[in-house]
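What follows is the residue order along each chain.
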Amino acid sequence: MVFKKIFKSSEDKESLGNYFRTKRFDFFLHRIKPMNKPISILDLGGKVNFWENRGLTGNNNFKITVLNIQSEISDYSNIKTINGNVLKLKDFKENSFDIVFSNSVIEHLYNFENQKKMAHEVLRIGKNHIIQTPNKYFFIEPHYMIPFFQFLPKKIQFKILTKTRFSRLKKWDEQFARDYTEEIRLMTQKELKEIFPKSNIFYEKFLGMTKSFTVHTF
């Protein structure tokens, strides 16, 4: 049972990934507890499912806007969904939201230039922010669940994903594997400090090592 939880998607409530998301979210809730309600939150690249798993759907203390390039419908009074690109947020004015929130999105932007663009927009439109991303130097690559996978050449990554079942117990579709390996760019602590120079960093630990970073202003 535990073995299966490791390889399930983080969107699955029973997955190990969702367990870690919940622990990080407890840190977030603790930090924002003193803030005046309702709190306006922009979730960059998120999904309604994330907030369902956190138990905040229907809670009008939190006015949540979920922005994603994929279409989605919300059935909840406190959650609005919009289509958008995290690199193109010109429709939002400065300090439009109390909090800009993002969980494991900034590493999906192909290159450091795009990651800097997202950071710039986060700092512009949010009075506060909390942005999480995996640590490049953690021994397990979390998207594929393979040790040190992030340091392999992309050609070898592609072969492992499409010719074996080492990643999440399945063979990946070739086109999806090619696209996915191109978009993932894990970040270092030094890079995060460069693009979020005034932010604090929360270090998520596992087995004594830093699994992920969360930059925040709380």
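Owing to the predicted nature of the structure, the values given are computational and were not obtained by experimental measurement.

### What to know about the side chain of His108
Within the fold, His108 resides in the loop between strand 4 (97–103) and helix 4 (112–125). Take His108: its relative accessible area is 19%, and that puts it in the buried class. Setting aside chain neighbours within four positions, we find His108 in contact with His143, Tyr180, Glu183 and Ile184.

### As for helix 4
With 14 residues, helix 4 extends 20 Å between its outermost C-alpha atoms, agreeing within 8% with the 20 Å of an ideal straight helix rising 1.5 Å per residue. Those residues of helix 4 lying buried are Phe112, Asn114, Gln115, Met118, Ala119, Glu121, Val122, Arg124 and Ile125. Contacts from the buried residues of helix 4 go to strand 1 (39–44), strand 4, strand 5 (126–134) and helix 7 (189–195). Between the side-chain oxygen at the start of helix 4 and the backbone nitrogen of Glu113 there is a gap of 3.2 Å, and the oxygen is on Asn111.

### A look at the pattern of salt bridges
Evaluation of the coordinates by the stated rule reveals seven salt bridges. Taking the shortest distance from any N to any O, the salt bridge between Glu204 and Arg24 comes out at 2.8 Å. With Glu204 in strand 8 (residues 200–206) and Arg24 in helix 2 (residues 16–32), this residue pair connects regions lying 180 residues apart in the sequence. Grouping residues by exposure puts Glu204 and Arg24 together as buried. Lys116 is the salt-bridge partner of Glu113, the closest N and O atoms lying 2.9 Å from each other.

### A short note on the pairing of strand 1
Among the six residues of strand 1, six are classified as buried, and the element is accordingly described as predominantly covered. Burial along strand 1 is two-sided: the residues Ile39, Ile41 and Asp43 and Ser40, Leu42 and Leu44 are all buried. Of the pairings in the sheet, the one linking strand 1 to strand 2 (residues 62–68) comprises six bridges and is parallel in character. Bridging across to strand 2, Leu44 finds its partner in Leu67. Once you follow strand 1 into helix 3 (residues 48–54) and on to strand 2, the crossover reads as right-handed. Pairing of strand 1 with strand 4 involves three bridges; the strand directions are parallel. Considered in strand 4, the bridge of Ile41 is made with Ile99.

### Describing the layout of surface pockets
The computed volume of the second largest pocket comes to approximately 230 Å³. Together, 13 residues line the second largest pocket, and Gln150, Lys154, Ile184, Arg185 and Leu186 are the ones closest to its centre. When residues of the lining of the second largest pocket are traced back to their parent elements, those giving at least two are helix 5 (154–163) and helix 6 (174–183). Taken together, the residues of the lining of the second largest pocket sort by class into five nonpolar, three polar and five charged.

What counts, and at which threshold
- Residues numbered from 1 in each chain as written.
- Predicted model: local features only at pLDDT ≥ 70, side-chain atom pairs only at ≥ 80, totals over all residues.
- Heavy atoms only, no water.
- Helix = DSSP H or I, 4+ residues; strand = E, 2+ residues; numbered from the N terminus.
- Buried < 20%, exposed > 50% of the residue type's maximum accessible area, 1.4 Å probe, protein only.
- Contact = heavy atoms within 4.5 Å.
- Expected span 1.5 Å × (residues − 1).
- Polar contact = N/O pair within 3.5 Å; in protein donor to acceptor, adjacent residues only side chain to side chain.
- Salt bridge = Lys/Arg side-chain N within 4 Å of Asp/Glu carboxyl O.
- Pairing = 2+ DSSP bridges.
- Right-handed = clockwise from strand over helix to strand, strands pointing away.
- 1 Å grid on protein atoms, 1.4 Å probe; cavity = no way out; pocket = protein on both sides within 12 Å on 5 of 7 lines; lining within 4 Å.
- Points joined across faces, edges and corners; volume = space filled by probe spheres on them.
- Nonpolar A, V, L, I, M, F, W, Y, C, P; charged D, E, K, R; others polar.

Geometric descriptors of this kind do not, in isolation, establish any biological role.
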